[in-house]
Amino acid sequence: MSKPRAALAMSAEAAAAVFTPRALAALRDVCDLAPLPVLDDLKTARAKGVLADVEVLVTGWGCPPLDAGVLAAAPRLKAVVHAAGSVRGHVTDACWDRGIEVSSAAAANALPVAEYTLAMILLHGKHVLERARDYRRTRERDDWLRTSQGQVGNYRRTVGILSASLIGRRVIELLRPFDYEVLLHDPYVTVAEAADMGVERVDLPDLFSRSDLVSVHTPLLPATRGLVSRELLGAMRTNAVLINTSRGAVVDQDALTDVVRAGRIRAVLDVTDPEVLPADHPLWDCPNALITPHLAGSQGSEWERLADSAVGEVARWAAGTKLAHPVRRERLAFLA
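Residues numbered from 1 in each chain as written. Predicted model: local features only at pLDDT ≥ 70, side-chain atom pairs only at ≥ 80, totals over all residues. Heavy atoms only, no water.

Under an unreviewed UniProt entry, the name given to the protein chain is 2-hydroxyacid dehydrogenase, and the organism recorded is Streptomyces spiralis. UniProt lists a comment for the protein chain under the heading Sequence similarities (unreviewed entry), and it reads "Belongs to the D-isomer specific 2-hydroxyacid dehydrogenase family." (UniProt positions renumbered as here; feature names shortened; annotations may be inferred.)

In structure tokens, the structure reads:
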């Protein structure tokens with residue numbers, strides 16, 4: 001059986017990061033890959049020449065939009081395999097209208113985000129960052145019998161998960177070995193489905209008022225912008241933790257700043273609104289806020305997982321079997 005003709009369409013930087021020599025060799029084993037360099041501009045004469053006989057586009061960060069003009073130059077294109085998460089930036093209505101199959105490595109990219117979240121839950125339950133900071137300053141151990149009573153620890157704490165997304169579900173799985181009570185708010189998950197996941201489905205106010213820690217995993221959509229409101233933040237328990245690895249705009253940034261500065265809650269923010277926060281933003285100087293530079297997603301060696309996911313999808317498509325991670329047009333309203 002002949003291999004399908006394929007090409008890489010993404011920025012040169014993304015291709016170099018994700019498709020190592022090993023990954024490129026694996027990709028060439030399952031398809032007839034067009035010669036490099038990658039296609040980072042789909043309207044050049046060279047790109048049109050490559051697109052003319054391509055059946056599969058393997059896309060990544062920096063892929064230009066696959067609009068009607070691009071598709072006109074790619075009459076044989078039948079599948080787009082994205083070696084990253086969201087396809088919103090490049091898969092257009094023209095692709096769906098033509099019936100092109102679409103796959104994403106969002107499931108692979110969810111894994112490191114969930115791992116980051118688990119690490120932050122455990123660390124903040126023990127107040128590791130604050131206590132390490134104080135230890136460095138005083139060079140003396142704190143009086144743990146006195147200072148940690150009722151305030152520190154991970155036993156029988158309540159963790160609230162906002163959205164049973166790919167990442168949210170993986171976080172729930174990772175929490176199972178630990179002694180947490182896990183609450184979930186997701187309007188698309190039934191009580192029975194939540195029970196099958198081993199969690200309690202609750203409404204949004206209850207999630208925030210009952211949890212010692214709330215982890216945000218909802219995609220940024222028109223309906224979720226500002227979803228984590230001042231009212232919800234104000235309902236959180238004193239010294240509770242908010243973790244946001246989703247998108248900054250899901251949270252009311254001004255309200256969050258106020259409650260963190262007041263010392264009411266702690267925050268772990270891998271994303272902010274805007275991203276990056278202005279240099280003089282007060283959150284930078286809050287000792288109860290940890291801000292990381294959007295690093296929870298795939299980094300370094302984890303990029304190889306994205307490539308492996310894409311190679312597997314191309315192999316499945318070439319063999320005529322179902323894609324493992326299809327993206328459906330009707331699901332776009334619920335996806336990042």
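As a further point, take the sheet that holds strand β11 (residues 266-269). Paired through backbone hydrogen bonds, the strands of a sheet run either parallel or antiparallel to each other. Strands sit in the order β8-β7-β6-β9-β10-β11-β12 across an open sheet of 7 strands; the sheet is parallel. The sheet terminates laterally at β8 (200-201) and β12 (289-291), the two strands that pair on one side only. Taken together, the 4 bridges between strand β6 (residues 157-162) and strand β9 (residues 213-216) define a ladder with parallel strand orientation. Paired with Ile161 across the bridge in β9 is Ser215. (Pairing = 2+ DSSP bridges. Helix = DSSP H or I, 4+ residues; strand = E, 2+ residues; numbered from the N terminus.)

Moving on to helix α6 (residues 106-125). In this model α6 runs 28 Å from its N-terminal to its C-terminal C-alpha over 20 residues, within 8% of the 28 Å that 1.5 Å per residue would give. Positive phi shows up at His127, right after α6, with a value of about 55°. (Expected span 1.5 Å × (residues − 1).)

To continue, consider unusual backbone geometry. Cis geometry marks the peptide bond from Asp273 to Pro274; its omega dihedral reads 5°. As for its placement among the helices and strands, Pro274 is situated in the loop between β11 and β12. Cis geometry marks the peptide bond from Glu275 to Val276, where omega comes out at 20°. Looking at the secondary structure, you find Val276 in the loop between β11 and β12. Notably, His127 is not glycine yet its phi reads approximately 55°, a positive angle. Along the chain, His127 turns up in the loop between α6 and α7 (128-138). Relative accessible area serves as the criterion here: at 10%, His127 is assigned to the buried category. The phi dihedral of Ser163 is positive, around 95°, even though this residue is not glycine. (Buried < 20%, exposed > 50% of the residue type's maximum accessible area, 1.4 Å probe, protein only.)

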